[in-house]
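Chain by chain, the residues:
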Amino acid sequence: DLVHFYPDPGPLDILRDITFAQAPMGMVVGSNGRILRSTDSGGSWTPMVSGTPGYLTNLAHASGSTYLTAGPSVLLRSTDGGISWSVVPGSDGLQHLTCAGATCFGSGTSTVVKSVDAGATWVLSGSLAGESIQAMAQLDATTIIVSTTTGMFRSTSSGQYWERFDLPDFEWVRRIQFYDASHGIAVGDNGFAIRTGNSGGNAVPVASIEGPLTATCTNANVTFQNLGDPAWTYQWLVNGAPTATSY
């Protein structure tokens, strides 16, 4: 067997993500703010100054020479191909990060944020209430697929509305990768691996109904707010009996 030992770039810590989006130039990020950069397809690596001791878990190429890297407590941006990095103002870090050109998505535990300027500024674009996001992939400027501890979900509205995939024998998915807007794979615990050639296929809409936010009295009228997609078809039931089909 042939084993190749790369030149020692210094203490490696734990490395969590890697990209060669502009090969032969590539980068890898990890714990203690570690960023390594290669210009020869990984033949040699040079440590870059990140300016943070934070844990970097995600790395993404936005557009041109712009790259982003993030961890639970920090979000960094480079506009010179990863040579220098700066903290994105107003950011508190992201657990997951993905880009398709200048449009990028990130997530916290259950929230989704979006940038349309290659990560320079971010806005809240949606949430997946009651779920804990474990992985994220981006198909286009408005479509993302995420995994949680309970299943996999798709949003075609930047995280505002969601659909859930029916996946028997589901295991926690740790990584989702799409090679184009249709073809992707997901892998997770206990050897769980699935693939798709149609953007995930059919999925079941996830209803989002908000009840009263304050205490109500017995026999008082209660109004529920529908936060779901107006394009979906709804059926309202009281004690199991259909009462309405309006939005």
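Since we're looking at a predicted model, the values are computed, not measured.

Q: Before we move on, can you summarise the environment of T223 with the specific residues and values?
A: By the secondary structure assignment, T223 is in the loop between β21 (209-210) and β22 (225-226). Each C-alpha atom, one on T223 and one on P212, is 6.8 Å from the other, the two residues being 11 residues apart in sequence. With residues near it in sequence (within four places) discarded, T223 still touches E210, G211 and P212.

Q: Describe in detail the state of the cysteines, supporting the description with residues and values.
A: Counted under the stated rule, the structure contains one disulfide. Across the disulfide, C99 is cross-linked to C104 (sulfur-sulfur distance 2.2 Å). Across the S-S bond of C99 and C104 the torsion is about 105 degrees, and the bridge reads as right-handed. C99 sits in the buried class, given a relative accessible area of 17%. The exposure class assigned to C104 is buried, which follows from its relative accessible area of 0%.

Q: Help me get a handle on the sheet that holds strand β12 (residues 123-127), residues and values and all.
A: Strand order in the open sheet made by the four strands is β9-β10-β11-β12, with antiparallel pairing throughout. Edge positions in the open sheet fall to β9 (96-100) and β12, since each of these has one partner strand only. Sheet twist, expressed as the mean angle between neighbouring strand axes with direction ignored, is 25 degrees. Pairing between β9 and strand β10 (residues 103-107): five bridges, direction antiparallel. When the bridges of β10 are listed, L97 appears paired with G106.

Q: Explain the environment of S158 to me, using residue names and the numbers behind them.
A: Note that S158 resides in the loop between β15 (152-155) and β16 (163-164). Using a relative accessible area of 9% as the deciding quantity, one classes S158 as buried. Sequence-wise, S158 and A186 are 28 residues apart; in three dimensions their C-alpha atoms are separated by 20 Å. What S158 contacts, discounting residues up to four positions off in sequence, is F105, V112, K114, S125, G126, A141 and T142. At a separation of 2.9 Å, a polar atom in the side chain of S158 contacts the side chain of K114.

Analysis parameters
Residues numbered from 1 in each chain as written. Predicted model: local features only at pLDDT ≥ 70, side-chain atom pairs only at ≥ 80, totals over all residues. Heavy atoms only, no water. Helix = DSSP H or I, 4+ residues; strand = E, 2+ residues; numbered from the N terminus. Contact = heavy atoms within 4.5 Å. Disulfide = S-S within 2.5 Å. Buried < 20%, exposed > 50% of the residue type's maximum accessible area, 1.4 Å probe, protein only. Pairing = 2+ DSSP bridges. Axes fitted to C-alpha atoms, helices over the stretch in contact; angles between N-to-C directions. Polar contact = N/O pair within 3.5 Å; in protein donor to acceptor, adjacent residues only side chain to side chain.

What is shown is where atoms sit, not what they do.
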